Amino acid sequence: MSTQTDELFGDVDLGWEHLKNRLFLGLIFAASMFGVVMLALLLLDILTDFYVGLTEFNINLVDFLTRSGSRREELAGFQGAIIASVMLVIVTAFLSFFIGVGSAIYLEEYAPKNRLTRLIEANLANLAGVPSIVYGLLALAAFRNGIGLGPIVLVGAIALALLVMPIIIVASQEALRAVPDGVRNGSYATGATKWQTIRRVVLPAAIPGILTGTILALARAIGETAPLLMVGALFVNRVPYGPFDRYSAMPTQIYAWAAEPSQHFIHLAAVGIVVLLTIMLCMNGVAIYLRNKYETEV
Amino acid sequence: MSTETNPEPGITRGSGTQADQEANQRARRVLFGCAALTVLTTLAIFFVLLDNAASYFFGARFTEMLLGAGTERTVTFTEFFTGTRWAPDHATPAHGILPIAFGTLAVTVGAAFVSIPIGTATALYISEYSSPGVRRKLKPTLEVLAGIPTIVYGYFAIAFINPVLIGPIADALFGINVGRYSLLSGMLVVGIMTIPMVSSISEDAMQAVPDDLRNGAYALGATKYDVSLSVVIPAAVSGIFASYILAVSRAIGETMAVTLAAGFNANITANPFDEIMTMTAYMVSMARGTSAVGTVQYQSLFAVGLVLFLMTLVMNLLNDWFKRRFQEEYQ
């Protein structure tokens, strides 16, 4: 018996097998910690620069948040950029939400299974992979110069709206798909049409998921820089008066500061990044709160 | 009655009143319009890039030619695709895209060497090895990494990776004085930011591999190492490839991080400590200056943009193809 097993497993070196498994586990564990370490380094670097900016470069946080901006480093502020970014997000939300949710409803509820629908779906996947700077080029040629709107908030918002549209559509589709079919059939059984069912039954059930997805998409939009640079959202040091005014948004202002050689500007950029990340964190917090609050009800 | 076919056989849709039926049809048309708008966006991107790039090569946009504008060869395709100097805004202009195409490809390949091995290993660890507790912490951490805006990565590169990590090492090992920007910094930062993309999609693919396959291998005496490398990875290979392609496509189109990391000096170099320029960085440098509409610099934006768009389009189509294969396998 024992000689038989020896022959059968004679070529297996159990010690080596153990070692190999241990080494491999160590290797992939180290690799998966790489991302974590890099995230920690990134946050640490920004917080250190933020702290140094406040202490050594005497950046006063209150002044920073209430001054509109300046070319002079000691007078530079972020107020104009913050207000411009808030304006951008509001206009972007208005432009992308209804069309995005409408597309999702069509694709999930109405669309027949044919080639046109497959084309729309495939195109959506492709749009999600188009580099953000290309959306900037589209807005630059078509809206800023094509119909001559100039470098205004509305043009930046159009670029951002087109950019986040695929994200909103996919998130809304998932929210609609999560509504059980029994709910729809119950509505049909009472004699409701498809549209009545969608409006009064499906949408109310799916709206928390749709809102969560939309807020996450807008949190991404507020940090987008490249499309805004392409349409000329740069070098404006004041609060925009409205959606038809010129502006410089938070990320483009951070870029302008980070690209300066002066250490003072670099630290201004770090303070700006902390403000930007805080606002993004709040938006993500609202989205997660919404998700958790309504998750159990549906 | 309703004109559309009933998706659920056996359930008769309510007819409602005539007005209700009309409202339903109206809603359907409006919603279809919304969905069609997304297709229109793609067509608009393609049209705008092609139309404006035409003025770079032929001296007039296609739409202007239709209105009778004359054409003149400003930049030849031969110069554009084979020239080795890129300086459309220089006093003696040169229009060879190779240096900035090299910049983009070098950053992309370098980033892939970071994100592909580390992302795959992370996915394997989360999917096959980690305890549920570790998994619950590791996945959201990687999601945070994916959610950080690219401008912040750019700041990380210019304020930390290049001066603190790369600078001293280059100085100590090779005696090279690294400037504000370097190719290596661009490769690293883009690699780091695409790790979560590789890891999350690869992990999904690995999770989709049925446990029966794993158990079959265990029954044959395989160790976890064998199962991971010889069963899970081959079974999930098309999903894993799809994640690689997505990461590469993202790296090609990456703008802010790469601009702040690798710089604005268009040259073909084998030295990773040199400053280079990617196609996207060129576009940013043009946007910073105020190049007027109609100048060759303005037109060059769209020629470069078109090349960039086509490169990512090919990647996206490849990704779509791999994803469809991966869905067919185990669903």
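Residues numbered from 1 in each chain as written. Chains lettered and ligands numbered in written order. Predicted model: local features only at pLDDT ≥ 70, side-chain atom pairs only at ≥ 80, totals over all residues.

Asks: Quick question: what am I supposed to make of the overall build of chain B here?
Replies: Counting secondary structure elements, chain B contains 13 helices and two strands. Computed over C-alpha atoms, the radius of gyration of chain B comes to 25 Å, more than 25% over the 20 Å expected from 2.2 N^0.38 for 331 residues, which places it beyond the range of a compact globule. Taken along its principal axes, the extent of the C-alpha atoms in chain B is 75 × 65 × 30 Å. Classification of the 331 residues of chain B by burial places 47% in the buried group. Excluding contacts between residues fewer than 6 apart, the proportion of contacts in chain B whose partners are at least 24 apart in sequence is 68%. (Helix = DSSP H or I, 4+ residues; strand = E, 2+ residues; numbered from the N terminus. Rg over C-alpha atoms; globule rule 2.2 N^0.38 Å. Buried ≥ 20, exposed ≤ 12 C-beta atoms within 10 Å, placed from the backbone. Contact = placed C-beta atoms within 7 Å.)

Asks: What should I look at first to understand the overall build of chain A in this one?
Replies: Scanning chain A from terminus to terminus reveals 12 helices and zero strands. Secondary structure elements in chain A, listed N-terminal to C-terminal, are α-α-α-α-α-α-α-α-α-α-α-α. Over its C-alpha atoms chain A spans a radius of gyration of 26 Å, topping by over 25% the 19 Å that the globule rule assigns to 298 residues. Dimensions of chain A along its principal axes, counting C-alpha atoms only, are 90 × 65 × 35 Å. Long-range contacts, defined as pairs at least 24 residues apart, comprise 75% of the intrachain contacts of chain A with a sequence gap of at least 6.

Asks: I'm lost on the environment of B:Thr120 in this one. Help?
Replies: Summarising the element assignment, B:Thr120 is placed in helix 4 (residues 98-129). Expressed as a C-alpha distance, the spacing of B:Thr120 and B:Met277, which sit 157 residues apart in the sequence, is 29 Å.

Asks: What exactly am I supposed to notice about the domain arrangement of chain B here?
Replies: Accessible area lost when the parts come together is the quantity often used to give the size of an interface. Residue and element names in this part refer to chain B. Assigned domains within chain B: domain 1 (18-74) and domain 2 (80-330). Relative placement of domain 1 and domain 2: their C-alpha centres are 31 Å apart. Each partner contributes to the interface: domain 1 provides eight residues, whereas domain 2 provides eight residues. (Domains from an automatic or database assignment.)

Asks: Looking at this model, I keep getting lost on the interface of chain A and chain B. Mind explaining?
Replies: If you look at the interface, chain A gives 72 residues, while chain B gives 76 residues. In terms of residue count, the dominant contributor to the side of chain A that touches chain B is helix 2 (residues 14-55) of chain A (19 residues). Grouping the constituent residues of the side of chain A that touches chain B by class yields 49 nonpolar, 18 polar and five charged. (Nonpolar A, V, L, I, M, F, W, Y, C, P; charged D, E, K, R; others polar.)

Asks: What's the story with helix 7 (residues 183-207) of chain B in this structure? I'm lost.
Replies: Residues spaced three or four apart along an α-helix face the same direction, because each turn holds 3.6 residues. Taking 1.5 Å of rise per residue, the 25 residues of helix 7 of chain B would be expected to cover 36 Å, and the 36 Å separating its terminal C-alpha atoms lies within 8% of that figure. When you tally the buried positions in helix 7 of chain B, you get 22 out of 25 residues, the bulk of the element. (Expected span 1.5 Å × (residues − 1).)

Asks: Looking at this structure, how should I read helix 1 (residues 18-58) of chain B?
Replies: A rise of 1.5 Å per residue sets the reference length of helix 1 of chain B, with its 41 residues, at 60 Å; its end C-alpha atoms lie 57 Å apart and thus fit the reference within 8%. Taken from the residues just after helix 1 of chain B, B:Gly59 is the one with a positive phi, measuring 85°.

Asks: Can you help me understand the packing of helix 7 (residues 153-177) of chain A against helix 9 (residues 194-222) of chain A in this one?
Replies: For any two helices packed against each other, one specifies the inter-axial angle together with the distance between the axes. All names here are of chain A. The geometry of helix 7 relative to helix 9 is characterised by a closest axis approach of 8 Å and an angle of 150° between their N-to-C directions. Crossing handedness for the pair helix 7 and helix 9: right-handed. Between helix 7, through Leu 160, Leu 163, Val 164, Ile 167, Ile 168, Ala 171, Ser 172, Glu 174, Ala 175 and Leu 176, and helix 9, the contact on the second element is made entirely by Val 202, Ala 206, Gly 209, Ile 210, Gly 213, Thr 214, Ala 217, Leu 218, Arg 220 and Ala 221. Counted by class, the contact of helix 7 with helix 9 contains 14 nonpolar, four polar and two charged residues. (Axes fitted to C-alpha atoms, helices over the stretch in contact; angles between N-to-C directions. Left-handed = near helix turned anticlockwise from the far one by under 90°.)

Asks: Just checking my understanding: could you explain unusual backbone geometry for this structure?
Replies: With the exception of glycine, the majority of residues adopt a negative phi angle, and the majority of peptide bonds are in the trans configuration. Unusually for a residue other than glycine, A:Asn58 sits at a positive phi of about 55°. Here A:Asn58 is to be found in the loop between helix 2 and helix 3 (61-66).

Asks: Got a minute to help me understand the environment of A:Ile207 in this structure?
Replies: Residue and element names in this part refer to chain A. Checked against the element boundaries, Ile 207 lands in helix 9. Since 17 C-beta atoms lie within 10 Å of it, Ile 207 is described here as partly exposed. With 13 residues separating them in the primary sequence, Ile 207 and Arg 220 have C-alpha atoms 20 Å apart.

Asks: Explain the packing of helix 4 of chain B against helix 10 (residues 237-253) of chain B to me, please; I cannot follow it from the model alone.
Replies: Residues and elements named next belong to chain B. Remark: helix 4 packs on helix 10, axes separated minimally by 9 Å, with the N-to-C direction vectors making an angle of 145°. Considering the relative orientation of helix 4 and helix 10, their crossing is right-handed. The residues of helix 10 that touch helix 4, namely those facing Thr 104, Val 107, Thr 108, Ala 111, Ala 112, Ser 115, Ile 116, Gly 119 and Thr 120, are Ile 240, Tyr 244, Ala 247, Val 248, Ala 251 and Ile 252. Residues that form the contact of helix 4 with helix 10 fall into these classes: 10 nonpolar, five polar and no charged.

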